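Chain by chain, the residues:
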Amino acid sequence: MDIRTGIGFDVHKFEKERKLILGGVEIPYEFGLKGHSDADVLLHALTDAVLGAAGLGDIGEHFPDNDDKYKNIQSFILLKKSYDLVKESGFTLSNADIIVIAEKPKLSPYKNQIKSNIAKYLNVDPSRINVSATTTEKLGFTGRKEGIASLCTVLLIKD
């Protein structure tokens, strides 16, 4: 059995007049995230983690931010395409642990919906996905409420 781990990390700064999308869920907040796609920082970290674990590069290689065909694209589409490549390489997701780092907004009311969305799109049992959130105790750019960061680890298995 071939077992691989992957780590993904992403950061986006806040921007007015955009929707805040995390894990495919629209979160009511005064700011959205700036990005070429829908700027779903959580899904970008997950996408990088699954690609990296399978040795398939990163999100920027597959979906460059200077290519207009990815302008405002839903990040779930990028994740699904990436996970299809991972499956073509013979790997399946054993589990993903995702953390969102932000002072605001509070994500507790949305974590189960995010988890369910990811499980549905990756066709895995929701028990294989964990979503958590933390603050940086008002330190750094997330503490100053300038943006959101996300970190993800995954375990892939190839039989």
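Above this text is the structure in question.
**Looking at the packing of helix H1 (residues 41–53) against helix H4 (residues 111–122)**
Here's step 1: In contact at an axis separation of 12 Å, H1 and H4 are set at 40° when each is read in the N-to-C sense. Considered as vectors, H1 and H4 are oriented oblique to each other. The way H1 lies across H4 gives a crossing that is right-handed. Every residue of H4 that contacts H1 at Leu-42, Leu-43 and Leu-46 is listed here: Ile-114, Ile-118 and Leu-122.
Here's step 2: By residue class, the composition of the contact of H1 with H4 is 6 nonpolar, no polar and no charged.

**Looking at a positive patch on the surface**
Here's step 1: On the surface, a cluster of positive charge is contributed by Lys-104, Lys-106, Lys-138 and Lys-145.
Here's step 2: On the accessibility criterion, Lys-104 (38% relative accessible area) is partly exposed.

**So, the side chain of Thr-142**
Here's step 1: Inspection of the secondary structure puts Thr-142 in helix H5 (residues 140–143).
Here's step 2: Each residue touching Thr-142, except ones within four places of it in the same chain, is listed here: Ile-101, Ala-102, Glu-103, Thr-136, Gly-147, Ile-148 and Ala-149.

**Section: helix H3 (residues 75–88)**
Here's step 1: Counted at 1.5 Å a residue, the expected span for H3 with its 14 residues is 20 Å, and the 20 Å between its end C-alpha atoms agrees.
Here's step 2: Regarding H3, the residues found buried are Ser-75, Phe-76, Leu-78, Leu-79, Ser-82, Tyr-83 and Val-86. Viewed end-on, H3 has its buried residues packed into an arc of 155°, placing them on one side of the element.
Here's step 3: On its buried face, H3 is in contact with H1, helix H2 (59–62), strand E5 (92–101), H4 and strand E7 (147–158).
Here's step 4: Directly beyond the C-terminal end of H3, a positive phi value near 95° is found at Gly-90.

**As for a nonpolar patch on the surface**
Here's step 1: Taken together, Ile-7, Phe-9, Val-11 and Leu-151 make up a surface patch of nonpolar side chains, about 360 Å² in accessible area.
Here's step 2: At 3 residues, strand E1 (residues 2–15) tops the list of elements feeding residues into the nonpolar patch.
Here's step 3: Here Val-11 lies in strand E1.
Here's step 4: What makes Val-11 partly exposed here is its relative accessible area of 35%.

**Here's the deal with the sheet that holds strand E6 (residues 129–134)**
Here's step 1: The sheet built from 5 strands is open, its strands ordered E4-E1-E7-E5-E6 with mixed pairing. Two strands close off the open sheet at either side, each with one partner strand: strand E4 (32–33) and E6.
Here's step 2: Examined bridge by bridge, E1 and E4 share 2 bridges and lie antiparallel to one another. When the bridges of E4 are listed, Phe-14 appears paired with Leu-33.
Here's step 3: H1 rests against E1, E4, E5, E6 and E7 of the sheet, and its axis sits at about 155° to E1.
Here's step 4: Packed on one face of the sheet, H4 meets E5 and E6 and runs near 145° to E6.

Thresholds, definitions, all that
- Residues numbered from 1 in each chain as written.
- Predicted model: local features only at pLDDT ≥ 70, side-chain atom pairs only at ≥ 80, totals over all residues.
- Heavy atoms only, no water.
- Axes fitted to C-alpha atoms, helices over the stretch in contact; angles between N-to-C directions.
- Helix = DSSP H or I, 4+ residues; strand = E, 2+ residues; numbered from the N terminus.
- Parallel < 35°, antiparallel > 145°, perpendicular 65-115°, else oblique.
- Left-handed = near helix turned anticlockwise from the far one by under 90°.
- Contact = heavy atoms within 4.5 Å.
- Nonpolar A, V, L, I, M, F, W, Y, C, P; charged D, E, K, R; others polar.
- Patch = residues over 30% accessible without salt bridge, like charges linked within 9 Å, V, L, I, M, F, W, Y side chains within 5 Å.
- Areas by Shrake-Rupley, 256 points an atom, 1.4 Å probe, with all protein chains shown as cover.
- Salt bridge = Lys/Arg side-chain N within 4 Å of Asp/Glu carboxyl O.
- Lys, Arg positive; Asp, Glu negative; His and termini not counted.
- Charge placed at Lys NZ, Arg CZ, Asp CG, Glu CD.
- Buried < 20%, exposed > 50% of the residue type's maximum accessible area, 1.4 Å probe, protein only.
- Expected span 1.5 Å × (residues − 1).
- Arc of directions from axis to C-beta.
- Pairing = 2+ DSSP bridges.

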